[in-house]
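Structural overview for review
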Amino acid sequence: VVVDSFKVSIESDEITPEVDVLDQELTNPLEVNIASVTAAADGYIVIHEADENGDLVVEPAIGFAAVTTGTNTDVEVTLTRDAVEGETLFAMLHTEDNDNTTYDGPGTDAPVLDADDNVIAPSFTVTVPAEGPTPSVTANDQTLARDAANLVNIAEVVAAADGYIVI
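Residues numbered from 1 in each chain as written. Predicted model: local features only at pLDDT ≥ 70, side-chain atom pairs only at ≥ 80, totals over all residues. Heavy atoms only, no water.

**Here we look at the sheet that holds strand β7 (residues 88–95)**
Two pairing modes exist for strands in a sheet, parallel and antiparallel, and in both the strands are linked by backbone hydrogen bonds. As summarised here, the arrangement of the five strands in space is β2-β8-β7-β4-β5, forming an open sheet in which the pairing is mixed. The sheet is open, and its two borders are formed by β2 (24–25) and β5 (63–67), each paired with just one other strand. Summarising the sheet, β7 and strand β8 (residues 123–127) pair through three bridges and their orientation is antiparallel. Looking across to β8, one finds that L89 is bridged to F124. (Pairing = 2+ DSSP bridges. Helix = DSSP H or I, 4+ residues; strand = E, 2+ residues; numbered from the N terminus.)

Given below as structure tokens:
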């Protein structure tokens, strides 16, 4: 008898939950982008704040968006408050446990755990650009002709809002 041994693997249909989020510069301080969320079941990607030590604060959440089973890309999450320059946020994956299509907090819509029983909540840092341009005025030295009707040339004005140039 000639015999050889071999292993057989069966491909799994099981989805491994994962959240991929990058540090980001926000054009709208009320909206963050989650690059991708892979969910084993319908649920939510929930944004949480960090405390003064940089640790995750579970409640209150400051924004959430629904995700569906499988991979969700470019998930936009609207925040309940403006993001603050340089702050650390967490994107935590939660389940939908009571089928009411809204995030009901961590007590009802529980956080999703990885294979080591850790919550899936990567952190990311946001930057918020300063609002509007920096106001400035540029006027060059000039000599006025006697018949120039007292007109002065201002080379450049950068204004954050409508206004006047006063000499």
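**Let's talk about a nonpolar patch on the surface**
On the surface, V137, L144, V152, V157, I165 and I167 cluster together to form a nonpolar patch covering roughly 560 Å² of accessible area. Position of V157 relative to the elements: it lies in strand β10 (residues 156–158). (Patch = residues over 30% accessible without salt bridge, like charges linked within 9 Å, V, L, I, M, F, W, Y side chains within 5 Å. Areas by Shrake-Rupley, 256 points an atom, 1.4 Å probe, with all protein chains shown as cover. Salt bridge = Lys/Arg side-chain N within 4 Å of Asp/Glu carboxyl O.)

**Some remarks on the pattern of salt bridges**
According to the stated counting rule, one finds two salt bridges in the structure shown. In this structure, R81 engages E49 in a salt bridge whose closest nitrogen and oxygen atoms are separated by 2.8 Å. Separated by 32 residues along the polypeptide, R81 in the loop between β6 (70–78) and β7 and E49 in strand β4 (residues 43–49) bring together distant segments of the chain. With a shortest N-O distance of 2.8 Å, E87 and R81 are connected by a salt bridge. When its relative accessible area of 23% is taken as the criterion, R81 is described as partly exposed. Ionic contacts of the salt-bridge type, sharing partners, join the residues E49, R81 and E87 into one network. (Buried < 20%, exposed > 50% of the residue type's maximum accessible area, 1.4 Å probe, protein only.)

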